[in-house]
Amino acid sequence: MSATLSPAIAGELSIRSLHKEFGGVAAIKDLDLDIRAGEFLCLLGPSGCGKTTLLRMIAGFEEPTAGVIELGSTDLTRMPAHKRPVNTVFQAYALFPHMTVAENVAYGLKQSRTPKKEIGQRVDEALTMVRMREFADRSPGQLSGGQQQRVALARALVNRPKVLLLDEPMSALDRKLREEMQVELKLLQKRLGITFIFVTHDQEEALAMSDRIVVMYDGCIQQIGSAEEVYTRPANSFVAGFIGKQNFVEAVVVSDDGGALRLRSVNNTTILPEPNAAGDPGAAGRPVPSVGDTVRVAIRPETLRLRVAAGVPSAPNAVLGRIAGVSFLGDVVQYVLLIGEDTEILSRVPRSDAVPLPTDEDVLIEWDGVDVAVYCDEA
Amino acid sequence: MAEHGLLQPLQKDLIPNFSNMDPNFTDQVWDPGNIYTICKAWGTTGYVYDTYTITRPMASWQDFLDAAMGEASGRTALLEDPWEVCSIALGAAGEDLNTTDEEKLDACEQVLLDNLAPHVRAYFGAASTGMVQGGLALLQSYNGDARQGMLEMDDPEQWKFVYPTPSANLWMDNWAIATGAPHPDAAHALINHMLSPEVAFEQMDYIGYPVGTKGLEERAEEEGVELPELIFPAQDVLDRLTPSEMNEAQQRRVEIFSSAQARSGA
Amino acid sequence: MTSRFRKFLGDSALSFPTWAYMLFFFALPVALVMWYSFGFKPDQFTTHSMEQLSLGRYREVVSPTFLSVFTATLRISIVGTLACLVIAVPFAYWLAVKVPPGRRGLLLALVLVPFWTNFLVRTLGWQIILSPDGFVSEALQGIGLLGSPLDILYSRAAVQIGVIYNYLPLMILPLFVAMDSAGVQLREASADLGAGKWRTFFQVTLPLATPGVISGCLLVFIPLTGDYITASVLGGANGTMIGQLVANQFQNAQNWALGSAMAVVLMLFTLAVVVITALLALVVKAVIKYVGRVELPTGQHAGPDAGTAADLPEGSGVRQAEPAVSGTTTGGPHA
């Protein structure tokens, strides 16, 4: 049965030199993107980064200023929204309040003049799939947020679109329900094999669901990669800072011994990144700094180790700091550390590894060179 | 209204200018001795016609009926007043315009409904608008309104006013003071002021109707007021006019009038 | 004291201004008119007397004159309401959907500007426009569309034009509000699901604007039926409306009893038209709903559906998340 819900031809989107301006201000800047058939792709970025504009251009609600959008070999660029073989799940669901649940789901099939009997069958199927069959005769106003979202999903999927667009569909749900829906949605996508393009500003949501994440900022793609790639090997300091918690420290390149950099931070800490590790700019294909350059150093909070200080550290990749605050986040304990007068950094330790630390004297903060990432960019 | 105690008697000693009043317009049937009222303005009803459409001589209400059913059919307007409309048919038949005789009113209704109404285009409060907006050729009208309409015309030859025979309404607007009026002294003073020769002339010049004081016609002649013959009907016209009465047949007249309006609209 | 006052009035205390207004400016005057309608006119100088109550005035009302004028009035107000609707729907749609929000204020103001002018003056303006010697007449003759001067002033057609002009804003405003409040998202959803502009309009925008259509039609139809200014100014004899007959009874005949009876009959007739129209609309709506109904297969969840349902993440704990969902699935395959 699930075969009938799968598209005959998979949706493969190709976006070339896409550009969009609103009143002279560019929202999407000359963007290229290939979306594979049947993948779960997240467009992730802060609000105003252009992710929703990109989605709306794929849906046909906005017309690009320049560029091409192709689905397989079909040019969608100037095709009106109602002719595109894509469907959308809207942020506020946008269910028709004057129709029942079943009528909402049947709406798309009626537009394509599907025979009445088939409409009944497919609506039944789609509602059963999202477990809203019992609510067929209710009006959307009588449903909870989560239920409305399932109906919105059924309404879009019943048309067997090549590509399903989801515009922050979870933002109105509470956290627990959201996490459950994430799992359900991911499983549904796997089973149906439809291309899902999911817009979100919530990095955890993106990390949890995506096959690939497109990190966007300022109308441009910052990085495309799997959840692990964008987390462990951010392409630039924006991605490094946007995905997960991050400590940034400014430092100056003191020496460069054949790719082995020696850095000195503003508070005189010596930092030795491991050459050829993930964070090494040369190895990651990022611009390499010269001696004397100011760079941004990123170290994840969970890679820091804390212990009681036995004196001023003489080794590199260590510094003394004072605990300014402790918070229990369930599975981890988070420390806010103060180095010198005004440098604040975060440390996260699994709860099971946390040891009692003095809050009135200095603690030693250590890290490994392999966990240090160096960025030359300003972001 | 006086019978119902709604008016207070006028104190003539407070209105010395009452002596300026023309005796033609004092001592009327509804208020002998001017106990309650003094004439404010007076006029009469007739009709005005477009001389390019209606070329024959026009003099009587019968002429009006004939023209309305003839060359001015569909371009005739009547006054929006039951008494005046009924007077067309009663006048044409030579009856008393104030008649309460059922048979005569029935006959009047028949003439109005069956003969006149189907040819009537509109019913107006004042004819001047209908003259100015054009499209009409025969309008029942008060003399002053007709004059106003004619004064606004580019072509003075186009329109002609008739004081129809055998009779028409002599109507009078009156001053009176309501019972319980808070400042009767001021009211008396106002009436007195309005009756002074100078003010009376100004008023006549403005509204286009004489106010019933003596010597007004001579004054108008001196000042060169336009179309004076439409303000001051000749004595022979005055002699044949009938003052309208509000009598028990008023309800019947409203009924006739409403039916005529409906018939015109059908 | 206050609490006793509140106790006496109950929860309606807060809406005191509203119901006081309704009582003094609506209920009481209407009651008074109804009361007068059972009286009579005793003599020529008295407007009404209540010494003998009877239905006699109602028998006088239902005369051929009244009925013919009433039919004409009804025709003018029905045609007028429909014309307002036909003009206002595209305009309101354009204003709510096509015009950028920044410019809507100005356009709405333009719709309302005529309302700042006195009703009578506005209507008198149309006398000049529709006059046989007026500029419209001359322009139409000038371009050869008309062989003789425009012969429309003082006719039913002139009243029709006048009332459409006078009442159009009352139709546009509620329609605009209704179409605007439906929001762009539902129209986008409709387009997304494959409906073109016209289908979206007839299946989403217009149905959602139904409350606006209803209030617009009532706001136009009811006062239009009772209007007598437009008819007096533009109508002439064949544009006579029922309001003029009522006014005649109060002003010329000074017969408040008969005038009141006419007013009551007018109200009842107007109400009857509204009720009949509403019933018709309900029937039409039910028919549309029936024709467009979605019939789900009755053998619920049998056969292939079970397979689909079985694919769902039963163990994910999702069902516990929403009691309403899990509670109602007990009859289904998940149970």
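Looking at an unreviewed UniProt entry, one finds chain C named ABC transporter permease, with Arthrobacter echini as its source organism. Under the UniProt heading Subcellular location (unreviewed entry), the entry covering chain C gives this text: "Cell membrane". Under the UniProt heading Sequence similarities (unreviewed entry), the entry covering chain C gives this text: "Belongs to the binding-protein-dependent transport system permease family. CysTW subfamily."

As annotated in an unreviewed UniProt entry, chain A carries the name Spermidine/putrescine import ATP-binding protein PotA and is attributed to Arthrobacter echini. Per UniProt, chain A has the following entry under Subunit (unreviewed entry): "The complex is composed of two ATP-binding proteins (PotA), two transmembrane proteins (PotB and PotC) and a solute-binding protein (PotD)." UniProt annotates chain A under Catalytic activity (unreviewed entry) with the comment "ATP + H2O + polyamine-[polyamine-binding protein]Side 1 = ADP + phosphate + polyamineSide 2 + [polyamine-binding protein]Side 1."

A. Spotlight on the interface of chain B and chain C. Listed as interface residues are 28 residues of chain B and, on the opposing side, 31 residues of chain C. Summed over both partners, the interface of chain B with chain C buries about 2,300 Å², with 49% contributed by carbon and sulfur atoms. Taken as a group, Arg121(B), Gln133(B) and Gln251(B) account for 29% of the area that chain B buries against chain C, more than any other trio of residues on that side. Where chain B meets chain C, there are one salt bridge. Arg121(B) serves as the salt-bridge partner of Asp151(C), at 2.9 Å between the closest nitrogen and oxygen. Counting across the interface, chain B meets chain C through six residue pairs in polar contact (both at pLDDT 80 or more). Element by element, the count of residues in the side of chain B that touches chain C is highest for helix H10 (residues 250–265) of chain B, at 10 residues.

B. Up close: a negative patch on the surface. Residue and element names in this part refer to chain B. A surface patch of negative charge is lined by Glu217, Glu218, Glu221 and Glu222. Considering the arrangement of structural elements, one finds Glu221 in helix H8 (residues 216–223). Using a relative accessible area of 61% as the deciding quantity, one classes Glu221 as exposed.

C. Inspection of the sheet that holds strand E2 (residues 25–35) of chain A at higher detail. Residue and element names in this part refer to chain A. Read across the open sheet, the four strands follow the order E2-E1-E4-E5; overall the sheet is antiparallel. Of all strands in the sheet, those with a lone pairing partner are E2 and strand E5 (74–75), marking the two edges. Pairing of strand E1 (residues 13–22) with E2 involves seven bridges; the strand directions are antiparallel. Considered in E2, the bridge of Glu21 is made with Ala26. Each of E1, E2 and strand E4 (66–71) is contacted by helix H2 (residues 51–59), which is oriented at about 115 degrees to E1, the strand it contacts most.

D. Region of interest: the domain arrangement of chain A. All names here are of chain A. Along its sequence, chain A is organised into domain 1 (13–237) and domain 2 (245–375). For domain 1 and domain 2, the distance between their C-alpha centroids amounts to 39 Å. Listed per partner, the contact involves seven residues of domain 1 and seven residues of domain 2. Of the roughly 630 Å² buried between domain 1 and domain 2 on both sides combined, carbon and sulfur atoms contribute 46%. In terms of surface lost to domain 2, no three residues of domain 1 exceed Tyr231, Pro234 and Ser237, which account for 72% of the buried area on that side. Inspection of the domain 1/domain 2 interface yields four residue pairs in polar contact (both at pLDDT 80 or more). A breakdown of the residues in the side of domain 1 that touches domain 2 according to their chemical character gives three nonpolar, three polar and one charged.

Thresholds applied
- Residues numbered from 1 in each chain as written.
- Chains lettered and ligands numbered in written order.
- Predicted model: local features only at pLDDT ≥ 70, side-chain atom pairs only at ≥ 80, totals over all residues.
- Heavy atoms only, no water.
- UniProt positions renumbered as here; feature names shortened; annotations may be inferred.
- Contact = heavy atoms within 4.5 Å.
- Buried area = accessible area lost by both parts, 1.4 Å probe.
- Salt bridge = Lys/Arg side-chain N within 4 Å of Asp/Glu carboxyl O.
- Polar contact = N/O pair within 3.5 Å; in protein donor to acceptor, adjacent residues only side chain to side chain.
- Helix = DSSP H or I, 4+ residues; strand = E, 2+ residues; numbered from the N terminus.
- Patch = residues over 30% accessible without salt bridge, like charges linked within 9 Å, V, L, I, M, F, W, Y side chains within 5 Å.
- Areas by Shrake-Rupley, 256 points an atom, 1.4 Å probe, with all protein chains shown as cover.
- Lys, Arg positive; Asp, Glu negative; His and termini not counted.
- Charge placed at Lys NZ, Arg CZ, Asp CG, Glu CD.
- Buried < 20%, exposed > 50% of the residue type's maximum accessible area, 1.4 Å probe, protein only.
- Pairing = 2+ DSSP bridges.
- Axes fitted to C-alpha atoms, helices over the stretch in contact; angles between N-to-C directions.
- Domains from an automatic or database assignment.
- Nonpolar A, V, L, I, M, F, W, Y, C, P; charged D, E, K, R; others polar.

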